[in-house]
Amino acid sequence: MKNEGLYIRLLLDGTIKRRLVTILGEVPLADTTIAEELIGLIDTNNVPMYQAIKDIWSYTGSWIEKPIGLREFERVLGNYLHWLRNRNLIRYTLFMTTYEDLDEKPDYRTPEGSMKLANLLTESMAPDYVVDRTLYALSKQTAIDLDDEHHFLRESSCVTHYLLEDTMEEEYQFRNEEQYYIFLLQQYILTTPNLISCQFCGRYFTPKTRKLTKYCDRITRNSKTCKRIAPGLKKRERDAAHKVTSEFMRIKDMLFHRKDRAGEDKKSSVIDLADGEYVQWLAAATDARDRYLAGELSEEEAMAIIYVPTKDELLEQISSELTLETAATQS
Ligand SMILES: [Zn+2]
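Residues numbered from 1 in each chain as written. Predicted model: local features only at pLDDT ≥ 70, side-chain atom pairs only at ≥ 80, totals over all residues.

Hey, could you run me through the pairing of strand β1 (residues 5-10) in this one?
The two faces of the sheet receive side chains in turn, since in a regular strand these alternate between them. When β1 meets strand β2 (residues 15-22), the two strands line up antiparallel, connected through 6 bridges. Looking at the pairing, Ile8 lines up with Arg18 of β2. Connecting β1 to the antiparallel partner β2 that follows it, the hairpin turn spans 4 residues, and Gly14 within it adopts a positive phi of roughly 95°. In the sheet, β1 pairs with strand β6 (residues 169-174) via 3 bridges, with the strands oriented antiparallel. Bridge assignment links Tyr7 to a residue of β6, and that residue is Gln173. (Pairing = 2+ DSSP bridges. Helix = DSSP H or I, 4+ residues; strand = E, 2+ residues; numbered from the N terminus.)

Structure below.
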């Protein structure tokens, strides 16, 4: 039995008890809840990870042309893993256990093996994608479609341990981070959650009371929460904030779809979160949203950075430009 991994117990009140077992021993983790864990992942800015993996990709297989390439690859890979361990010990540990569980471990000293390893690093970002897509659907009250859109929610795998001392309590062991988040999403959906997105900052939250709550408790401007800032603003300003932040969420989801469907077999393709274009957009758009909320950018300035036209809008734009051009040449 392989010991390393993330162990969790679910209590009836929704609390998750967690412990992480690394090669160096057990690391205590704070209690959390399913909703907190899922929303927390979306709130985390993982752009630096995507950027680092994008960099690693540029070094893969480069020793075909340059003998020094392998040493460079080892250096960027080593730096990344060291950095990841300090930044996100759970993701690091579960990346290592996922690697350990591979039937065939890629030999990274070969050009093909280095690409396989970079692919594995890209896949280690998959939790961000599955959680983002599912929470977006839940917050929009869109049905969860296990046959298509949300096929990834169909199954998760973990090892169940029974704590036989005096109860039949179960403890689940995960050795892959995506499996852990899929499991949490499955449990979360079963509770028919009331997940809403804040009408000011756009981020997800679950209201504590049944009373209609529009704004969250996050600090967005001048060390004040959305709940304190938004009601004091003019309606026009509130509407503008809602537009900017909901457009940010909508476009992120649209880009996910675009990438997802770009694959040959959309059922098995995972979005490449280290994809250059996507990373660039996410970095710039997240920054623009946050600066807009902090009052540093105007609505127009923020939207100019966040906005990406849909395919139909692009086509319309091109055809109207063509019409103008034809009209110009005819006159
Ligand atoms: Zn908010």
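Please clarify how unusual backbone geometry should be interpreted in this entry.
Across the chain, the bulk of peptide bonds are trans and the bulk of non-glycine residues have phi less than zero. Unusually for a residue other than glycine, Gln141 sits at a positive phi of about 55°. Within the secondary structure, Gln141 is located in the loop between α6 (126-139) and β5 (159-163). With 8 C-beta atoms counted inside 10 Å, the residue Gln141 sits in the exposed group. Even without being glycine, Ser223 reaches a positive phi, approximately 50°. Mapped onto the elements, Ser223 comes out in the loop between β9 (219-221) and β10 (224-225). Look at Ser223 and you get exposed, because 7 C-beta atoms sit within 10 Å. (Buried ≥ 20, exposed ≤ 12 C-beta atoms within 10 Å, placed from the backbone.)

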